[in-house]
Amino acid sequence: LSVNLTADCNAVLKALQPIFQEQGMTETVHNWEDHGYLATYIKKNGSYANLRIHPHGLVLVDLQSYSDHMKGREEVDQLLNKVEERMKELFHGNIKRVKRLPAILRGGVIDRYWPTADGRLVEYDIDEVVYDEDSPFQNIKILHSKQFGNILILSGDVNLAESDLAYTQAIMGSGKEDYTGKEVLILGGGDGGILYEIVKLKPKMVTMEPTSNIDQMVIDGCKKYMRKTCGDVLDNLKGECYQVLIEDCIPVLKRYAKEGRMFDYVINDLTAVPISTSPEEDSTWEFLRLILDLSMKVLKQDGKYFTQGNCINLTDALTLYEEQLSRLYCPVEFSKETVCVPSYMELY
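Under the annotation held in an unreviewed UniProt entry, the protein chain carries the name Spermine synthase and is attributed to Trogon melanurus. The UniProt entry for the protein chain carries the following comment under Subunit (unreviewed entry): "Homodimer. Dimerization is mediated through the N-terminal domain and seems to be required for activity as deletion of the N-terminal domain causes complete loss of activity." UniProt, in its Sequence similarities (unreviewed entry) section for the protein chain, records the words "Belongs to the spermidine/spermine synthase family."

Shown next, in the form of structure tokens:
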């Protein structure tokens, strides 16, 4: 709660004390001169509340309890309602703002909380752990969301959900490209989404390098649990117009460049633009520049290179990425597009 008047900390404390005492909670009060009060209330069942009263008019109530049943939630709501009502009485309606946050569920079997690219915490409607394994390179999770279907999460980073066709369409050129009879190279894309969509467009040949870490377990997990995204293209590593190479993409790109093999399209789905703003000191930026340079060497003169950037809030990182494009061995022209990726809950 935030009040318009400078808070009389002692008056607020005395007004709210009875609410917690009625619950049979043991009280401990800390008083800092000119910095308000911290009162802690502990119940015999281990539940506790922290009441922080700031002199500038901010009153914070934090309740923590172990309760997975509706009755416990109702008790919490009732206590907060009483706090809110008592504060309104005390300040005669001079409450500037009241904000009640939903409960954060800690220690559950299913982890619902995942950060966005720009560091905001999002609570997903995850209701099932579909797949959770550690490969030699990373942790691989596939979690089920009521809204987004199965979501692939690699080492804590939300990669792609079954709802995210918009991502795949955008990284393929948003329906503006004709892939008929073309040679296509996909870097990354271990979820199979890009490969599945391009194969439908009758290319001459699609070569996919699943990842720089050669992680077969990502492919295995996706072909079993992400079939709405990848269809059946990961069931076999070779099809009529595609092949999946379980090799490190860097030596393969170097080999293609040496052999003079050229592609109409190179689609880089390996990694997002690094968040660091110090590219000279960040090996991830060096890796990104290396991939860019090698990709240009295997791209036809009139070819196109598609890649994802990062969320639009990371403006500094995106600007730095554009600066990398001016440092390639050959001049390039570029354009960009912003799309909403459903499971990312942000614009990319």
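A. Just empty space enclosed by the protein, in detail. Using the criterion set out here, one finds one cavity of 30 Å³ or more in the structure. Space inside the largest cavity adds up to approximately 70 Å³. Lining of the largest cavity is provided by 11 residues; of these, Asn268, Thr271, Leu288, Tyr305 and Thr307 occupy positions nearest its centre. Residue assignment for the lining of the largest cavity shows that the elements contributing at least two residues are helix 8 (283-297) and strand 17 (299-307). The element best represented in the lining of the largest cavity is helix 8, accounting for three residues. Looking at the lining of the largest cavity residue by residue, the classes come out as seven nonpolar, four polar and no charged.

B. Main features of the sheet that holds strand 15 (residues 242-244). Taken together, five strands build an open sheet; the order of strands is 15-14-13-16-17 and the sheet is parallel. Edge positions in the sheet fall to strand 15 and strand 17, since each of these pairs with one other strand and no more. Recorded for the sheet is a direction-independent mean angle of 15 degrees between the axes of neighbouring strands. When strand 13 (residues 183-188) meets strand 14 (residues 205-209), the two strands line up parallel, connected through five bridges. Opposite Glu183, over in strand 14, you have Met205 as the bridge partner.

C. Expanded view of the packing of helix 7 (residues 249-259) against helix 8. Closest axis-to-axis distance for the helix 7/helix 8 pair is 9 Å, and the angle between their directions is 30 degrees. Classified by the interaxial angle, the pair formed by helix 7 and helix 8 is roughly parallel. Here helix 7 runs over helix 8; the crossing is left-handed. Only Phe287, Leu290, Ile291, Leu294, Ser295 and Lys297 of helix 8 make contact with helix 7, whose side of the interface consists of Cys249, Ile250, Leu253, Lys254 and Ala257. Looking at the contact of helix 7 with helix 8 residue by residue, the classes come out as eight nonpolar, one polar and two charged.

The rules we used
- Residues numbered from 1 in each chain as written.
- Predicted model: local features only at pLDDT ≥ 70, side-chain atom pairs only at ≥ 80, totals over all residues.
- Heavy atoms only, no water.
- UniProt positions renumbered as here; feature names shortened; annotations may be inferred.
- 1 Å grid on protein atoms, 1.4 Å probe; cavity = no way out; pocket = protein on both sides within 12 Å on 5 of 7 lines; lining within 4 Å.
- Points joined across faces, edges and corners; volume = space filled by probe spheres on them.
- Helix = DSSP H or I, 4+ residues; strand = E, 2+ residues; numbered from the N terminus.
- Nonpolar A, V, L, I, M, F, W, Y, C, P; charged D, E, K, R; others polar.
- Pairing = 2+ DSSP bridges.
- Axes fitted to C-alpha atoms, helices over the stretch in contact; angles between N-to-C directions.
- Parallel < 35°, antiparallel > 145°, perpendicular 65-115°, else oblique.
- Left-handed = near helix turned anticlockwise from the far one by under 90°.
- Contact = heavy atoms within 4.5 Å.

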